[in-house]
Amino acid sequence: ETGVTQSPTHLIKTRGQQVTLRCSSQSGHNTVSWYQQALGQGPQFIFQYYREEENGRGNFPPRFSGLQFPNYSSELNVNALELDDSALYLCASSYPLGSDTQYFGPGTRLTVL
Amino acid sequence: GQQLNQSPQSMFIQEGEDVSMNCTSSSIFNTWLWYKQDPGEGPVLLIALYKAGELTSNGRLTAQFGITRKDSFLNISASIPSDVGIYFCAGQLPDSNYQLIWGAGTKLIIKP
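This text gives an overview of the structure that appears in the document.

### What about the overall build of chain A?
A count of helices and strands for chain A gives zero helices and eleven strands. Going residue by residue from the N terminus, the α and β elements of chain A occur as β-β-β-β-β-β-β-β-β-β-β. With the principal axes as the frame, chain A shows a C-alpha extent of 40 × 25 × 25 Å. Out of the 113 residues belonging to chain A, those deemed buried represent 50%. A fraction of 54% describes how many contacts in chain A between residues 6 or more apart in sequence connect residues 24 or more apart. Accessible area for chain A stands at about 5200 Å²; split by element, carbon and sulfur atoms hold 48% of it. Put simply, chain A has 7 plus and 9 minus side-chain charges, and the middle of one group is 8 Å from the middle of the other.

### Quick notes on the state of the cysteines
Scanning the model with the defined rule gives two disulfides over all chains in all. Paired by a disulfide, Cys23 of chain A and Cys91 of chain A hold their sulfur atoms 1.7 Å apart. The sign of the S-S torsion, about -50°, decides the handedness of the disulfide formed by Cys23 of chain A and Cys91 of chain A: left-handed. One end of the pair, Cys23 of chain A, is in strand β3 (residues 19-24); the other, Cys91 of chain A, is in strand β9 (residues 87-94), with 68 residues separating them in the sequence. Of the two residues examined, Cys23 of chain A and Cys91 of chain A, each falls in the buried class. Through a disulfide, Cys23 of chain B is tied to Cys89 of chain B; the S-S separation comes to 1.6 Å.

### Some remarks on the interface of chain A and chain B
On the chain B side, the residues contacting the 21 residues of chain A number 23 residues. Overall, the association of chain A and chain B removes approximately 1700 Å² of surface from exposure, summing both partners, and the carbon and sulfur fraction of that is 50%. Counting across the chain A and chain B interface gives two residue pairs in polar contact (both at pLDDT 80 or more). Contributions of two or more residues to the side of chain A that touches chain B are made by β4 (31-37), β5 (44-50), β6 (53-57) and β9 of chain A. Tallied by class, residues from the side of chain A that touches chain B come to seven nonpolar, twelve polar and two charged.

### Points about the layout of surface pockets
The space that makes up the largest pocket amounts to roughly 570 Å³. Lining the largest pocket are 27 residues; nearest its centre among them are Gln37, Leu39 and Gly40 of chain A together with Gln37 and Ile86 of chain B. Listed by contribution, the elements that provide at least two residues to the lining of the largest pocket are β9 (85-92) and β11 (106-111) of chain B. Of the residues forming the lining of the largest pocket, the biggest block, three residues, is contributed by β9 of chain B. In terms of residue class, the lining of the largest pocket is built from ten nonpolar, 13 polar and four charged.

### Thoughts on the side chain of Gln37 of chain B
Within the secondary structure layout, Gln37 of chain B lies in strand β4 (residues 31-37). Accessibility expressed as a relative area gives 7% for Gln37 of chain B, which makes it buried. In terms of polar contacts, Gln37 of chain B uses its side chain to reach the side chain of Gln37 of chain A, at 2.9 Å. Among the polar contacts listed, one links the side chain of Gln37 of chain B to the backbone oxygen of Glu41 of chain B, at a separation of 2.9 Å. In this structure, Gln37 of chain B is in contact with Gln37, Leu88 and Leu90 of chain A together with Gly42, Pro43, Gly85, Ile86 and Phe88 of chain B, ignoring residues within four places of it in sequence.

What counts, and where the lines are drawn
Residues numbered from 1 in each chain as written. Chains lettered and ligands numbered in written order. Predicted model: local features only at pLDDT ≥ 70, side-chain atom pairs only at ≥ 80, totals over all residues. Heavy atoms only, no water. Helix = DSSP H or I, 4+ residues; strand = E, 2+ residues; numbered from the N terminus. Buried < 20%, exposed > 50% of the residue type's maximum accessible area, 1.4 Å probe, protein only. Contact = heavy atoms within 4.5 Å. Areas by Shrake-Rupley, 256 points an atom, 1.4 Å probe, with all protein chains shown as cover. Lys, Arg positive; Asp, Glu negative; His and termini not counted. Charge placed at Lys NZ, Arg CZ, Asp CG, Glu CD. Disulfide = S-S within 2.5 Å. Buried area = accessible area lost by both parts, 1.4 Å probe. Polar contact = N/O pair within 3.5 Å; in protein donor to acceptor, adjacent residues only side chain to side chain. Nonpolar A, V, L, I, M, F, W, Y, C, P; charged D, E, K, R; others polar. 1 Å grid on protein atoms, 1.4 Å probe; cavity = no way out; pocket = protein on both sides within 12 Å on 5 of 7 lines; lining within 4 Å. Points joined across faces, edges and corners; volume = space filled by probe spheres on them.

Next up, the structure:
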(Lines give C-alpha, C1' and ligand atoms only; values in the text may rest on other atoms or scores of the structure.)
Protein backbone atom coordinates (compact mmCIF):
# COMPACT_ATOMS: atom_id res chain seq x y z
CA GLU A 1 0.00 0.00 0.00
CA THR A 2 1.51 3.33 -1.09
CA GLY A 3 1.31 6.19 1.38
CA VAL A 4 0.65 9.84 0.69
CA THR A 5 3.32 11.42 -1.49
CA GLN A 6 3.95 15.09 -2.22
CA SER A 7 6.06 16.95 -4.74
CA PRO A 8 8.25 18.83 -4.86
CA THR A 9 10.03 18.43 -1.51
CA HIS A 10 11.36 21.97 -1.47
CA LEU A 11 10.58 25.05 -3.52
CA ILE A 12 11.89 28.61 -3.60
CA LYS A 13 9.82 31.36 -5.20
CA THR A 14 9.77 35.15 -5.20
CA ARG A 15 6.96 37.45 -4.18
CA GLY A 16 4.21 37.75 -6.76
CA GLN A 17 4.93 34.42 -8.40
CA GLN A 18 2.55 31.50 -8.60
CA VAL A 19 3.16 27.96 -7.33
CA THR A 20 1.57 24.54 -7.78
CA LEU A 21 2.06 21.77 -5.22
CA ARG A 22 1.04 18.18 -5.86
CA CYS A 23 -0.25 15.34 -3.73
CA SER A 24 -1.01 11.69 -4.41
CA SER A 25 -3.42 10.24 -1.89
CA GLN A 26 -3.11 6.86 -0.24
CA SER A 27 -4.62 4.04 -2.26
CA GLY A 28 -8.42 3.99 -1.91
CA HIS A 29 -8.65 7.37 -0.17
CA ASN A 30 -11.09 9.71 -1.92
CA THR A 31 -10.74 12.73 0.38
CA VAL A 32 -7.75 15.08 0.40
CA SER A 33 -7.12 17.92 2.84
CA TRP A 34 -4.44 20.60 2.58
CA TYR A 35 -2.79 22.32 5.54
CA GLN A 36 -0.29 25.14 5.96
CA GLN A 37 2.21 24.74 8.79
CA ALA A 38 4.28 27.79 9.69
CA LEU A 39 7.52 27.27 11.58
CA GLY A 40 6.87 26.41 15.22
CA GLN A 41 3.11 26.19 14.74
CA GLY A 42 0.50 23.51 14.28
CA PRO A 43 -1.07 22.93 10.86
CA GLN A 44 -3.81 25.32 9.68
CA PHE A 45 -6.59 23.86 7.55
CA ILE A 46 -6.72 25.34 4.03
CA PHE A 47 -9.39 23.24 2.30
CA GLN A 48 -10.62 19.73 1.62
CA TYR A 49 -11.53 18.01 -1.64
CA TYR A 50 -13.93 15.13 -2.03
CA ARG A 51 -14.83 13.59 -5.38
CA GLU A 52 -13.21 16.47 -7.26
CA GLU A 53 -15.23 19.16 -5.43
CA GLU A 54 -14.14 21.51 -2.64
CA ASN A 55 -15.87 20.20 0.47
CA GLY A 56 -14.84 22.83 2.98
CA ARG A 57 -12.44 25.74 3.41
CA GLY A 58 -10.52 27.34 6.23
CA ASN A 59 -9.68 31.02 6.64
CA PHE A 60 -7.49 31.42 3.55
CA PRO A 61 -7.90 33.98 0.73
CA PRO A 62 -9.11 33.00 -2.76
CA ARG A 63 -5.56 33.10 -4.14
CA PHE A 64 -5.26 29.67 -2.50
CA SER A 65 -7.08 27.27 -4.81
CA GLY A 66 -7.08 23.58 -5.48
CA LEU A 67 -8.05 20.74 -7.73
CA GLN A 68 -8.76 17.07 -7.28
CA PHE A 69 -8.47 14.64 -10.17
CA PRO A 70 -10.46 11.45 -10.92
CA ASN A 71 -7.64 9.35 -9.43
CA TYR A 72 -8.04 11.42 -6.20
CA SER A 73 -4.66 13.10 -6.52
CA SER A 74 -4.75 16.81 -5.81
CA GLU A 75 -3.04 20.13 -6.47
CA LEU A 76 -2.73 23.24 -4.35
CA ASN A 77 -2.21 26.47 -6.28
CA VAL A 78 -1.16 29.72 -4.69
CA ASN A 79 -1.18 32.93 -6.74
CA ALA A 80 0.51 36.25 -6.02
CA LEU A 81 2.85 34.74 -3.43
CA GLU A 82 3.56 36.76 -0.29
CA LEU A 83 6.46 36.40 2.15
CA ASP A 84 4.04 35.02 4.80
CA ASP A 85 3.20 32.12 2.50
CA SER A 86 6.56 30.59 3.41
CA ALA A 87 5.64 27.39 5.25
CA LEU A 88 5.43 23.62 5.10
CA TYR A 89 2.39 22.58 3.07
CA LEU A 90 0.92 19.27 4.12
CA CYS A 91 -1.50 17.07 2.26
CA ALA A 92 -3.56 14.44 4.06
CA SER A 93 -5.82 11.78 2.63
CA SER A 94 -8.64 9.89 4.30
CA TYR A 95 -11.60 7.59 3.72
CA PRO A 96 -14.53 7.80 4.06
CA LEU A 97 -15.64 11.46 3.99
CA GLY A 98 -15.70 12.88 7.51
CA SER A 99 -13.11 10.43 8.81
CA ASP A 100 -10.83 11.97 11.42
CA THR A 101 -8.09 9.45 10.62
CA GLN A 102 -6.03 11.44 8.14
CA TYR A 103 -2.77 10.16 6.71
CA PHE A 104 -0.25 12.88 6.02
CA GLY A 105 2.43 13.20 3.38
CA PRO A 106 5.91 14.51 4.20
CA GLY A 107 5.03 18.01 3.02
CA THR A 108 6.44 20.59 0.61
CA ARG A 109 8.66 23.29 2.12
CA LEU A 110 7.90 26.56 0.30
CA THR A 111 10.18 29.56 0.75
CA VAL A 112 9.08 32.91 -0.65
CA LEU A 113 11.85 35.51 -1.04
CA GLY B 1 -6.61 30.92 12.58
CA GLN B 2 -8.07 29.18 15.62
CA GLN B 3 -5.67 27.04 17.65
CA LEU B 4 -5.85 24.95 20.75
CA ASN B 5 -3.81 25.90 23.82
CA GLN B 6 -1.16 23.21 24.15
CA SER B 7 1.37 23.00 26.98
CA PRO B 8 4.14 22.80 27.71
CA GLN B 9 5.78 24.26 24.63
CA SER B 10 8.83 22.05 25.14
CA MET B 11 10.08 19.45 27.59
CA PHE B 12 13.58 18.33 28.48
CA ILE B 13 13.47 14.92 30.10
CA GLN B 14 15.74 12.04 31.03
CA GLU B 15 15.33 8.69 29.33
CA GLY B 16 12.98 6.54 31.39
CA GLU B 17 10.95 9.45 32.77
CA ASP B 18 7.22 9.81 32.33
CA VAL B 19 5.89 12.70 30.23
CA SER B 20 2.62 14.56 30.41
CA MET B 21 1.22 17.23 28.09
CA ASN B 22 -2.23 18.72 27.63
CA CYS B 23 -4.50 20.76 25.42
CA THR B 24 -7.32 23.08 26.33
CA SER B 25 -9.92 24.95 24.35
CA SER B 26 -12.73 27.42 24.92
CA SER B 27 -14.83 25.34 22.49
CA ILE B 28 -16.35 21.91 22.86
CA PHE B 29 -14.91 19.21 20.62
CA ASN B 30 -16.46 15.97 19.37
CA THR B 31 -13.10 14.31 18.76
CA TRP B 32 -9.63 14.75 20.19
CA LEU B 33 -6.60 13.45 18.33
CA TRP B 34 -2.94 13.23 19.24
CA TYR B 35 -0.26 13.25 16.52
CA LYS B 36 3.53 13.05 16.49
CA GLN B 37 5.65 14.80 13.87
CA ASP B 38 9.29 13.93 13.24
CA PRO B 39 11.63 16.28 11.35
CA GLY B 40 10.98 16.29 7.61
CA GLU B 41 7.82 14.24 7.92
CA GLY B 42 4.10 14.78 8.20
CA PRO B 43 2.18 14.17 11.43
CA VAL B 44 1.36 10.56 12.34
CA LEU B 45 -1.80 9.73 14.30
CA LEU B 46 -1.09 8.23 17.73
CA ILE B 47 -4.44 8.12 19.52
CA ALA B 48 -8.03 9.13 18.68
CA LEU B 49 -10.65 9.88 21.36
CA TYR B 50 -14.38 10.08 20.66
CA LYS B 51 -16.22 10.26 23.97
CA ALA B 52 -16.01 12.53 27.03
CA GLY B 53 -14.11 10.75 29.79
CA GLU B 54 -12.64 8.18 27.41
CA LEU B 55 -9.19 6.89 28.34
CA THR B 56 -7.28 5.15 25.56
CA SER B 57 -3.83 3.57 25.45
CA ASN B 58 -1.44 2.79 22.62
CA GLY B 59 1.57 1.00 24.05
CA ARG B 60 3.32 3.40 26.41
CA LEU B 61 1.00 6.24 25.39
CA THR B 62 -2.23 7.04 27.22
CA ALA B 63 -4.63 9.85 26.34
CA GLN B 64 -7.87 11.06 27.86
CA PHE B 65 -10.83 13.05 26.52
CA GLY B 66 -11.77 15.56 29.23
CA ILE B 67 -15.22 15.39 30.85
CA THR B 68 -16.00 18.97 29.83
CA ARG B 69 -15.04 18.09 26.20
CA LYS B 70 -12.77 21.14 26.25
CA ASP B 71 -9.50 19.44 27.11
CA SER B 72 -7.35 16.38 26.63
CA PHE B 73 -4.04 15.09 27.91
CA LEU B 74 -1.38 12.71 26.65
CA ASN B 75 0.97 10.73 28.88
CA ILE B 76 4.06 8.84 27.76
CA SER B 77 5.49 6.38 30.25
CA ALA B 78 9.15 5.35 30.50
CA SER B 79 10.34 7.58 27.65
CA ILE B 80 12.90 6.26 25.16
CA PRO B 81 15.09 8.12 22.65
CA SER B 82 12.72 7.52 19.72
CA ASP B 83 10.00 9.45 21.57
CA VAL B 84 11.72 12.73 20.66
CA GLY B 85 9.72 14.85 18.28
CA ILE B 86 6.83 17.28 18.31
CA TYR B 87 3.47 16.15 19.66
CA PHE B 88 0.30 17.87 18.48
CA CYS B 89 -3.23 17.74 19.75
CA ALA B 90 -6.05 18.30 17.27
CA GLY B 91 -9.78 18.54 17.71
CA GLN B 92 -12.86 18.30 15.55
CA LEU B 93 -15.68 20.78 16.25
CA PRO B 94 -19.29 19.54 16.50
CA ASP B 95 -20.42 21.61 13.51
CA SER B 96 -17.65 20.42 11.21
CA ASN B 97 -17.03 16.99 9.77
CA TYR B 98 -13.83 17.90 8.02
CA GLN B 99 -11.82 20.63 9.73
CA LEU B 100 -9.27 19.81 12.43
CA ILE B 101 -8.13 22.56 14.82
CA TRP B 102 -4.53 22.06 15.99
CA GLY B 103 -2.40 23.01 18.95
CA ALA B 104 1.02 24.60 18.47
CA GLY B 105 2.83 21.43 19.58
CA THR B 106 4.95 20.18 22.45
CA LYS B 107 8.57 19.53 21.57
CA LEU B 108 10.00 16.58 23.46
CA ILE B 109 13.78 16.51 23.94
CA ILE B 110 15.62 13.77 25.79
CA LYS B 111 18.65 14.94 27.75
CA PRO B 112 21.80 12.95 27.05
